[in-house]
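Here's the letter readout for the chains.
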Amino acid sequence: MIQSQDRSGYIGASDTSMVVGNWQTKTFEQWWLEKIGLNKKQLNTEAIKAGNNYEHKILEALNIEDLEMDKQIIKNRLRVNLDGNTESCIYEVKTHNENKEFKVSKQYWRQAQVEMYASNIFNLYIVAYELKENDYKNYFNNIDKERIKKIKVEYDEDFINKEYLPKLKILEKCLIEGRFPERINYE
C-alpha cells in the first residue's frame, strides 16, 4: 500500500522498467527528476485509490497464516515495499477493471523479479482482483473470493544479474551524486 507519495532518494521495485529501459527518453528524464527530488508527481487516479483501499482486504481474504503486510526492504538506494509476505512467499496485489482481463505485464513481471531479489524469497504470486464499477465508489465492499486470481511468477536470476543489477549500480551512484546518468557506463 502506498503510504508516502515521496519517491525521491530511492529506486523502487515498481521502477524496474525505468531502470532497465531507455535512459534517453523524456519519460526517463521526468522520472529521474522525481528520483533526485527536483520534481514531484502525485499518483491519485481512481484506480490507484481503489487499489490502495482494497489491498489489505484482498490479502486478508487469502486467509494466510503468518502473513505480514507492508514490509519494507532497503538495500543501498533500492527500496522495496512488499504488499504481503510470509517467510517463504510474496503476495503482490494488483487490481484491475472488470472490463479488462488481467495479464501479467512486462512491468509487473520485472517488479516481481526485484521483489524476490531484494527479499531473498523466491516464491511470488501476483494476486489479481477484479474491481466492479461499484468497488470504485464504495471502498467498504466485501471481497468476493471468486474474483481473486493468483498467478505464479518464476524467478529469473539472469535478468537480475545481467540486466538489472549493472544498471541499478549506475543509477544508485548517480542518485547519491545528484546527477543525471550518462549514456556510457559509469564506474
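Treat the numbers as computed from the prediction; the structure is a model and nothing was measured.

The rules behind each value
- Residues numbered from 1 in each chain as written.
- Predicted model: local features only at pLDDT ≥ 70, side-chain atom pairs only at ≥ 80, totals over all residues.
- Heavy atoms only, no water.
- Salt bridge = Lys/Arg side-chain N within 4 Å of Asp/Glu carboxyl O.
- Helix = DSSP H or I, 4+ residues; strand = E, 2+ residues; numbered from the N terminus.
- Buried < 20%, exposed > 50% of the residue type's maximum accessible area, 1.4 Å probe, protein only.
- Pairing = 2+ DSSP bridges.
- Axes fitted to C-alpha atoms, helices over the stretch in contact; angles between N-to-C directions.
- Parallel < 35°, antiparallel > 145°, perpendicular 65-115°, else oblique.
- Contact = heavy atoms within 4.5 Å.
- Nonpolar A, V, L, I, M, F, W, Y, C, P; charged D, E, K, R; others polar.
- Polar contact = N/O pair within 3.5 Å; in protein donor to acceptor, adjacent residues only side chain to side chain.

(A) Summary view of the pattern of salt bridges. A full pass over the atoms with the stated rule returns 11 salt bridges. Salt-bridge contacts for Glu-98 lead to Lys-132; the nearest nitrogen and oxygen are separated by 3.5 Å. Residue Glu-98 is found in the loop between strand E4 (90-97) and helix H4 (106-119), and its partner Lys-132 is found in the loop between strand E5 (124-131) and helix H5 (133-137); the two are separated by 34 residues along the sequence. Given the relative accessible area of 32%, Glu-98 is considered partly exposed. In this structure Lys-132 comes out as partly exposed when scored by relative accessible area, which is 31%. Glu-133 is the partner of Lys-137 in a salt bridge, and the nearest nitrogen-oxygen pair spans 3.1 Å. Taken together, the positions of Lys-137 and Glu-133, both in helix H5 and 4 residues apart, correspond to about one turn of that helix. Pair check on accessibility: Lys-137 and Glu-133 agree, each one exposed. If you follow the salt bridges from partner to partner, you end up with Glu-98, Glu-130 and Lys-132 in one network.

(B) Region of interest: the pairing of E4. With respect to burial, E4 is a largely interior element, 6 of its 8 residues being buried. Across 2 bridges, strand E3 (residues 78-85) lies against E4 in antiparallel orientation. Bridging across to E4, Asn-85 finds its partner in Ile-90. A loop of 4 residues connects E3 with E4, the two strands running antiparallel in sequence. Pairing geometry for E4 and E5, over 8 bridges, is parallel. Paired with Thr-95 across the strands is Tyr-129, a residue of E5.

(C) Here's a closer look at the packing of H4 against helix H6 (residues 157-177). Where H4 contacts H6, the two axes come as close as 11 Å, and the packing angle between them is 95°. Between H4 and H6, the angle falls in the class roughly perpendicular. Side by side, H4 and H6 meet where Trp-109, Arg-110, Gln-113, Val-114 and Tyr-117 of the first sit next to Phe-159, Ile-160, Glu-163, Tyr-164 and Leu-165 of the second. Residue classes in the contact of H4 with H6 are distributed as 7 nonpolar, 1 polar and 2 charged.

(D) Quick look at the environment of Tyr-129. In this structure, Tyr-129 sits in strand E5. Residue Tyr-129 is classed as buried on the basis of its relative accessible area of 0%. In the structure, Tyr-129 is positioned 19 residues away from Ile-148 in sequence and 4.8 Å away in space, judged by C-alpha atoms. Among the polar contacts listed, one links the side chain of Tyr-129 to the backbone nitrogen of Asp-144, at a separation of 2.9 Å. Among the polar contacts made by the side chain of Tyr-129, one reaches the side chain of Arg-147 at a distance of 3.4 Å.

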